[in-house]
Amino acid sequence: MTGRNRIHITRTQVEGIAIVHLEVPLTRHDDARELREKAFFAPASSRYKIYIIDEAHMVSPAGFNALLKVVEEPPEHLKFIFATTEPEKVIGTIRSRTHHYPFRLVPPGTLREYLGDVCGREGIPVEDGVLLIIPMSATRFRIIADLGLSAGGAPTDPTLDQVQAIIDRRGPGGMTTSNPIWLSAFRINERKVSDYRAGRVFVVGDAAHVHSPAGGQGMNTGMQDAFNLAWKLALVCRGDAKEALLDSFSVERSAVGEEVLKAAGRLTMVATMRNRTAQTVRNLLGRLLLGLAPVRKAMVNTMSEVSVGYDHSPLNGPGLHRGDIPAPGRRLEPTAGQTPVGSKTAPRFALFAARNDKVSALAMRFPNLIDAEIRTPLDPDVILLVRPDGYVSCTAKSDDLVVVANYLDAIDAAKAVAA
Ligand SMILES: Cc1cc2nc3c(=O)[nH]c(=O)nc-3n(C[C@H](O)[C@H](O)[C@H](O)COP(=O)(O)OP(=O)(O)OC[C@H]3O[C@@H](n4cnc5c(N)ncnc54)[C@H](O)[C@@H]3O)c2cc1C
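Bear in mind the structure is a predicted one, so any value in this text is a computation, not a measurement. (Residues numbered from 1 in each chain as written. Predicted model: local features only at pLDDT ≥ 70, side-chain atom pairs only at ≥ 80, totals over all residues.)

**Quick notes on the overall build of the protein chain**
A count of helical and extended segments in the protein chain gives twelve helices and 13 strands. Split into buried and exposed, the 419 residues of the protein chain put 21% on the buried side. (Helix = DSSP H or I, 4+ residues; strand = E, 2+ residues; numbered from the N terminus. Buried ≥ 20, exposed ≤ 12 C-beta atoms within 10 Å, placed from the backbone.)

So, in structure tokens, the structure goes:
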């Protein structure tokens with residue numbers, strides 16, 4: 001370090017080379033002259049003396065001019081390295097006397113992969129984790145990162161700086177966050193009640209099942225719980241259906257909750273795995289599979305839960321076992337342009353059948369259960385009874401109306417009173 005404290009010098013000895021690293025540039029002619037005089041002395045124990053002048057664009061023209069001669073005709077032991085991000089600010093006379101090696105920035109992703117490989121080979125554990133960047137609109141993103149296993153207790157909400165630090169570490173680089181509308185820490189719990197009903201108490205949503213947000217199914221599952229329960233409650237409370245109808249709620253929705261918990265757990269495990277080889281396989285497979293349209297469609301159907309079915313529901317009646325007709329417990333896809341089943345003010349089953357007197361008589365026999373609007377059947381030879389939530393109750397041949405009548409008799413509250 002010089003007496004004037006303007007030139008900070010670090011000396012290093014690397015295999016016979018004395019390296020002098022100038023961290024603060026030479027802004028005055030005198031600084032440069034002093035350096036030039038010292039540079040002429042050969043190092044005592046090294047073969048070379050290398051001056052690395054960092055931020056070289058800050059060296060004043062006077063400083064460069066003082067160095068010009070020694071840069072042009074250096075003694076044998078002397079080397080100069082000028083490091084700068086703005087080479088155009090270095091005066092022409094110096095530039096014409098030096099070699100130029102432009103370095104491009106290595107993208108952080110490439111650097112991270114490379115460092116990961118090196119650390120893997122050297123057996124050095126590296127802390128790394130998930131960073132999800134999800135576009136919510138043209139100008140807003142949801143950012144989710146995992147911080148490893150929770151030590152218990154409620155975690156404190158992160159600051160924007162902490163979020164930015166994680167993005168810098170794990171992200172592709174060049175991303176700046178600002179103006180957050182929600183900074184929140186959460187722990188992943190994985191729990192489910194065994195029974196969604198206890199007497200007059202029903203549980204839906206997170207009260208019944210909590211799991212990782214991976215897959216984004218929590219809210220969706222909760223709403224479908226409510227959807228499943230609402231029509232049953234309405235029919236029972238109105239005195240149109242027997243109370244036993246409510247027993248199907250827990251059986252149907254608990255089975256779905258079980259599956260959602262397993263799927264979210266699997267997704268979380270895959271997303272947060274730490275093993276580098278497993279991560280590489282995951283990334284490759286993920287890219288490959290998500291490029292396939294059928295895989296994407298299956299994922300959308302699973303996550304939106306339109307593929308959910310109640311195959312083992314006590315509410316399922318007889319079925320025709322035909323591949324082209326949805327089985328009892330399966331969802332009947334809504335037909336474009338048709339009023340969706342169950343969307344009227346009172347919940348009613350929908351009858352899909354060829355219109356005739358017998359079908360009209362059947363509908364009139366159960367006015368509080370069957371919607372008066374008879375719908376066009378998928379096949380004129382088939383009659384389909386669909387629940388108010390869009391799932392098939394039973395299917396039969398068009399002349400086998402007794403199947404539907406028996407099914408509704410078992411639910412009908414009026415039948416219970418009469419019996
Ligand atoms: C980070 C994160 C991201 C998520 N992303 C998605 C997603 O993309 N898609 C998705 O489908 N789901 C997502 N979820 C899950 C979703 O947020 C929940 O499944 C959903 O909000 C649950 O709704 P709920 O009404 O059942 O329960 P809650 O939203 O928890 O509502 C329960 C309400 O009851 C109140 N309450 C509690 N106790 C009492 C009491 N004793 N008296 C009165 N009130 C009380 C609470 O204050 C709360 O307002 C995410 C969850 C998290 C944590």
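**Quick word on the sheet that holds strand β11 (residues 350-352)**
Taken in spatial order, the three strands line up as β11-β12-β13 in an open sheet, and their pairing is antiparallel. The two strands at the open ends of the sheet, each matched to only one other strand, are β11 and β13 (392-397). Here the average twist between neighbouring strands, direction ignored, is 15 degrees. In the sheet, strand β12 (residues 382-386) pairs with β13 via five bridges, with the strands oriented antiparallel. Opposite I383, over in β13, you have A396 as the bridge partner. (Pairing = 2+ DSSP bridges. Axes fitted to C-alpha atoms, helices over the stretch in contact; angles between N-to-C directions.)

**What about the confidence of the model for the protein chain?**
Here the protein chain shows a mean pLDDT of 84. Residues at 70 or above account for 89%. Segment residues 1-8: pLDDT under 50, and 13 contacts once partners within four positions in sequence are set aside and those in other chains are kept. (pLDDT = per-residue confidence, 0-100. Contact = placed C-beta atoms within 7 Å.)

**A closer look at the pairing of β12**
Regular strands place their side chains on alternate faces of the sheet. Among the five residues of β12, four are classified as buried, and the element is accordingly described as predominantly covered. In the sheet, β11 pairs with β12 via three bridges, with the strands oriented antiparallel. From the neighbouring strand, L351 faces β12, where its bridge partner is L385. Taken together, β12 and the strand that follows it, β13, pair antiparallel across an intervening segment of five residues, in which G390 is found at a positive phi of about 90 degrees.

**Re the site of the ligand**
Around the ligand sit F186, G205, D206, A207, P213, G216, Q217, G218, M219, N220 and G222, and that is every residue in its neighbourhood. Partitioning the shell around the ligand into residue classes produces four nonpolar, six polar and one charged. (Near = placed C-beta within 6 Å. Nonpolar A, V, L, I, M, F, W, Y, C, P; charged D, E, K, R; others polar.)

**With respect to helix α6 (residues 218-237)**
Each α-helix winds once per 3.6 residues, and so residues spaced three or four apart point in a common direction. Here α6 is 20 residues long and its end C-alpha atoms lie 28 Å apart, about the 28 Å a rise of 1.5 Å per residue gives. Those residues of α6 that fall on the buried side of the exposure criterion are T221, Q224, D225, N228, L229, K232 and L235. Where α6 ends, the next residue or the one after it, G239, has phi of about 80 degrees, a positive value. (Expected span 1.5 Å × (residues − 1).)

**With respect to the packing of α6 against helix α7 (residues 247-271)**
Between two packed helices, the angle of one axis relative to the other and the distance separating the axes together describe the packing. At a minimum axis distance of 10 Å, the contact between α6 and α7 shows a crossing angle of 170 degrees. Taken together, the axes of α6 and α7 are roughly antiparallel relative to one another. Counting all contacts with α6, which are made through T221, D225, N228, L229 and K232, the residues of α7 involved are F249, E252, R253, V256, G257 and V260. When grouped by side-chain class, the residues that make up the contact of α6 with α7 number four nonpolar, three polar and four charged. (Parallel < 35°, antiparallel > 145°, perpendicular 65-115°, else oblique.)

**Considerations on the nonpolar core**
Ranked by internal contacts, the top residues of the largest apolar core, which has 28 residues, are F349, L351, F352, L385, V386 and V404. At the level of secondary structure, the elements contributing two or more residues to this core comprise β11, α10 (357-365), β12, β13 and α11 (401-411). Looking at which domains feed residues into this core, each of domain 3 (205-272) and domain 4 (315-419) supplies at least three. When residues no more than four places from it in sequence are discounted, the contact partners of F352 are R375, T376, P377, L378, I383, L384 and V386. Formed by 14 residues, the second largest nonpolar core is a distinct cluster that contains A56, V59, F80 and V90. (Core = buried A, V, L, I, M, F, W, Y, C linked by C-beta atoms within 7 Å. Domains from an automatic or database assignment.)

**Observations concerning the packing of α10 against α11**
It is the contact of α10 with α11, at a shortest axis distance of 11 Å, that shows an interaxial angle of 0 degrees. Taken together, the axis directions place α10 and α11 in an arrangement best described as roughly parallel. Contacts from K358, V359 and L362 in α10 reach L401, V404 and A405 in α11. Considering only residue class, the contact of α10 with α11 consists of five nonpolar, no polar and one charged.

**Points about unusual backbone geometry**
Located in the positive-phi region is E55, a residue other than glycine, with phi close to 50 degrees. Here E55 lies in the loop between β3 (48-53) and α2 (61-72). You will see that N179, though not glycine, has its phi angle at about 50 degrees, which is positive. The exposed category is assigned to N179, around which 7 C-beta atoms lie within 10 Å.

**With respect to the environment of V70**
Turning to its location among the elements, V70 is positioned in helix α2. When the C-alpha positions of V70 and E37 are compared, they lie 9.4 Å apart, and in sequence the two are 33 residues distant. Other than its neighbours up to four places away in sequence, V70 contacts R36 and A39.

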